[in-house]
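Structural features, examined
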Amino acid sequence: MLHSDLNRRRFLLGLGGLGLASVVPGKALASYSAPERKLSFYNLHTDEKVTASFWEDGRYLDEGLAALNHVMRDFRQNEVHPIDPKLFDQLFVLQHKLGKKGEFQIISGYRSPKTNNMLRKAGGGVAKKSYHMQGKAIDLRLPGVQLKQLHKTALSLKAGGVGYYPSDNFVHLDTGPVRSW
């Protein structure tokens with residue numbers, strides 16, 4: 001009787017561990033232990049720069065998120081939209097893994113549906129249901145880091161979508177399902 005109870009407990013503990021593993025983000029995103037998460041951006045279209053702490057003491061900071069959301073706004077419509085904090089987490093880890101501090105250059109952050117539709121009609125290879133419209137994507141580069149290396153390191157995070165656009169000199173990151181193109 002004691003032996004079967006132990007086996008049942010091990011089995012149930014194993015199932016619990018599998019369940020936990022399915023909801024915990026990948027090791028790359030779960031393993032950063034910095035007491036503060038800070039990012040710097042330079043928006044190539046608006047010439048704006050910002051450096052903001054977006055996470056501290058185990059919580060996201062409204063003021064820092066607001067500053068980052070503003071610089072990633074749809075500059076064509078001057079429309080600010082909340083950016084998924086997981087995207088900022090990805091960028092923080094990406095920068096850490098690259099060992100390169102500095103400003104991410106923003107090619108495209110949030111896009112309103114109107115802007116996204118306009119860019120689609122212009123033939124820029126823009127997705128009809130782009131994650132940019134949900135505040136879950138960014139097109140960027142990082143000065144001092146080769147685009148190939150930025151792409152390779154982003155793929156290693158296994159944290160969302162990663163697109164490689166060498167002819168346009170940027171990498172796309174999003175918080176959607178893990179995939180690449």
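Notes on the structure in this doc start here. What you see is a predicted model, and the numbers here were worked out from it, not measured in a lab.

Cut-off values and rules
Residues numbered from 1 in each chain as written. Predicted model: local features only at pLDDT ≥ 70, side-chain atom pairs only at ≥ 80, totals over all residues. Heavy atoms only, no water. Salt bridge = Lys/Arg side-chain N within 4 Å of Asp/Glu carboxyl O. Helix = DSSP H or I, 4+ residues; strand = E, 2+ residues; numbered from the N terminus. Buried < 20%, exposed > 50% of the residue type's maximum accessible area, 1.4 Å probe, protein only. Pairing = 2+ DSSP bridges. Core = buried A, V, L, I, M, F, W, Y, C linked by side-chain atoms within 4.5 Å. Contact = heavy atoms within 4.5 Å.

This part covers the pattern of salt bridges. Applying the stated criterion across every chain, the model contains four salt bridges. The salt bridge partner of Arg-73 is Glu-48, with a shortest N-O separation of 2.8 Å. Placement of Arg-73 in the loop between helix H3 (62-71) and helix H4 (85-98) and of Glu-48 in strand S2 (residues 48-56) is noted, with a sequence separation of 25 residues between them. One salt bridge connects Asp-139 with Arg-111, and the closest N-O pair in it is separated by 3.4 Å. Note that Asp-139 is positioned in strand S5 (residues 137-141) and Arg-111 in the loop between strand S4 (104-108) and helix H5 (113-121), a separation of 28 residues in sequence. Residue classification places Asp-139 among the buried positions, given a relative accessible area of 5%.

A separate point is the pairing of strand S7 (residues 170-174). Across the five residues of S7, five count as buried, placing the element largely inside the fold. Side chains of S7 alternate between two faces, with Phe-170, His-172 and Asp-174 and Val-171 and Leu-173 buried alike. Both S5 and S7 contribute to a ladder of four bridges, which runs antiparallel. Counted as the bridge partner of Leu-140 is Val-171 from S7.

Let's shift gears to the nonpolar core. Phe-41, Met-72, Phe-88, Leu-91, Leu-94, Ile-138 and Leu-173 are the most contacted members of the largest nonpolar core, which has 33 residues in total. Tallying contributions element by element places H4 first for this core, with seven residues. Setting aside its immediate chain neighbours within four residues, Phe-41 contacts Glu-48, Lys-49, Val-50, Leu-68, Val-71, Met-72, Phe-88, Leu-91, Glu-103, Phe-104, Ile-106 and Ile-138.

This part is about unusual backbone geometry. Excluding glycine, a negative phi dihedral is what most residues carry, and trans is how most peptide bonds are arranged. One non-glycine residue with positive phi stands out, namely Asp-57, at about 50°. If you trace the backbone, Asp-57 turns up in the loop between S2 and strand S3 (59-60). A relative accessible area of 66% means that Asp-57 is categorised as exposed. The phi dihedral of Asn-78 is positive, around 50°, even though this residue is not glycine. Along the chain, Asn-78 falls in the loop between H3 and H4.

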